[in-house]
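What follows is the residue order along each chain.
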Amino acid sequence: MIDLLITSVLLSWAGAILYVCWVRQYGSLWQRKGFIYLVIVSSLLAPVLSGPPPVAPAPSPAATPFGLFKPVDEHALQHYCRCEQPNYTHRITYRANGWYNALLDQKPLLKGLLLLAMALVVGRFLVQYLFLWRLVRRGRHESLTLGDTTYTLLHFPEAANVGAFQLDKPYIIWQKEMEQLSPEQQQAIWEHELSHIRQMNTLEKICLSMLQVFWLLNPAFYLFRKELDLLSELVADQHAASIMGSKKAYANLLLQFKSHQLYPGVSHLKGSSLSRRIHHLIKGTSKPRKRAWGPFLVLVVLQFQATGWLQGQVQLQLEELETYEVIYQEHPQEHELMYCPDCHSACYPEE
């Protein structure tokens, strides 16, 4: 299981590099979102669909990431090995590494901290989910039907920014203060929130929260999550500005909502990405190039072709690190020795 997880993380890095170097530069907003979705899905599925990795050889000096094992003469350990039919190609020289020894000494603590962090991620998700349900129960409901879809408007006595989310049905937070705006401004804000519902951003955030439990230490995950949040805003802004008829007028409207927001878990008018959103509205992006679709094919081919080899290498590294841990536990005071992983025999250089 751990080898599948690590392989998926490494595959996501390849997708992140392609995204930063190519797709983000030339792709449209929807191409960028689609590519991130593809990276996440293919990174998770490729290790599972590729089948079992090739049989990894015994611990090899050349494949050891920490440089802990060195080549050994085949006959150096033959008088000390307890194997009935010893295979001398398995012999390794163990050299202690202070940093790795410290990690092994603190392994229970590190595992506890990791589990605590994962529990906090789950807890944070549950708190946010319950917060949305609390908003549904606290707000005054008003039904509004547009086309084939019925929306529930939530009204609150206190001032709050507008926002949109979807649980059992779509909800939109609306305030009487919005009536002070012009009809064009109200329509732009309304369309912005409807865009978030059409993009299924609530479901997207739920899926990302679940994925974070497994990719907690994956830097690519946080890049993807930040980009998806921004892209969702840019898509909604682009739609709202087209409804309003003026990008500059809509940008000025966004600046009016930069003030305090009471529902940061719901409202999409966040100040953290406001400058990038306004820059995108004013400057726009260059016309998407047809070659922006190229990385989609490159990613799929690269991941599914490299997955078997990569998973085999990951499995090999894990086995070598497990071997190191076994030697360290059996001989914690030794700095260097020769070792047979088949029968756990050891001899020392001075012998």
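See the structure printed just above.
Residues numbered from 1 in each chain as written. Predicted model: local features only at pLDDT ≥ 70, side-chain atom pairs only at ≥ 80, totals over all residues. Heavy atoms only, no water.

Asks: Explain the sheet that holds strand 3 (residues 140-146) to me, and be specific about the residues and the numbers.
Replies: The 4 strands are arranged 3-4-6-5 in an open sheet whose pairing can be described as mixed. At either end of the open sheet lies a strand with only one pairing partner, and these are strand 3 and strand 5 (163-166). Going across the sheet, the axis of each strand differs from the next one's by a mean of 25°, ignoring polarity. Sheet analysis places strand 5 next to strand 6 (residues 170-173), joined by 4 bridges and oriented antiparallel. Opposite A164, over in strand 6, you have I172 as the bridge partner. (Pairing = 2+ DSSP bridges. Helix = DSSP H or I, 4+ residues; strand = E, 2+ residues; numbered from the N terminus. Axes fitted to C-alpha atoms, helices over the stretch in contact; angles between N-to-C directions.)

Asks: Could you give an account of the environment of A249, naming the residues involved and the relevant values?
Replies: Within the secondary structure, A249 is located in helix 8 (residues 247-256). Each C-alpha atom, one on A249 and one on Q185, is 8.8 Å from the other, the two residues being 64 residues apart in sequence.

Asks: Quick one: what's the story with the packing of aromatic side chains, residue by residue and with numbers?
Replies: By the definition in use, this model includes 9 aromatic pairs. A ring pair is formed by Y94 and Y324, whose centres lie 5.1 Å apart and whose planes are at 40°; its orientation type is tilted. Taken together, the residues span a long stretch of sequence, with Y94 in strand 2 (residues 92-95) and Y324 in helix 10 (residues 294-330) at a distance of 230 residues. Members of the aromatic cluster, connected to one another through ring pairs, are Y94, Y100 and Y324. (Phe/Tyr/Trp six-rings, centres within 6.5 Å; stacked < 30°, edge-to-face > 60°.)

Asks: Account for a nonpolar patch on the surface, with residues named and values stated.
Replies: A contiguous nonpolar patch, built from V41, L44, L45, V48, L49, V300 and F304 and spanning about 590 Å² of accessible area, is present on the exposed surface. Elements with a minimum of two residues in the nonpolar patch: helix 2 (29-49) and helix 10. Top contributing element to the nonpolar patch by residue count: helix 2, with 5 residues. In this structure, L45 sits in helix 2. (Patch = residues over 30% accessible without salt bridge, like charges linked within 9 Å, V, L, I, M, F, W, Y side chains within 5 Å. Areas by Shrake-Rupley, 256 points an atom, 1.4 Å probe, with all protein chains shown as cover. Salt bridge = Lys/Arg side-chain N within 4 Å of Asp/Glu carboxyl O.)

Asks: I'd love a proper account of the nonpolar core, names of residues and values included.
Replies: Core analysis: the largest hydrophobic core is formed by 24 residues, its most contacted members being I172, M178, I189, Y250 and L253. Taken together, the elements giving at least two residues each to this core come down to strand 4 (149-155), helix 5 (183-198), helix 7 (219-244), helix 8 and helix 9 (274-283). Ignoring anything within four residues of it in the chain, the contact list for M178 reads V162, Q186, I189 and F257. (Core = buried A, V, L, I, M, F, W, Y, C linked by side-chain atoms within 4.5 Å. Buried < 20%, exposed > 50% of the residue type's maximum accessible area, 1.4 Å probe, protein only. Contact = heavy atoms within 4.5 Å.)

Asks: Please set out the side chain of Q303 residue by residue, giving values where relevant.
Replies: The residue Q303 is located in helix 10 in this model. Relative accessible area serves as the criterion here: at 0%, Q303 is assigned to the buried category. If we ignore the near neighbours within four places in the chain, the residues touching Q303 are L11, S12, V39, S42 and S43.

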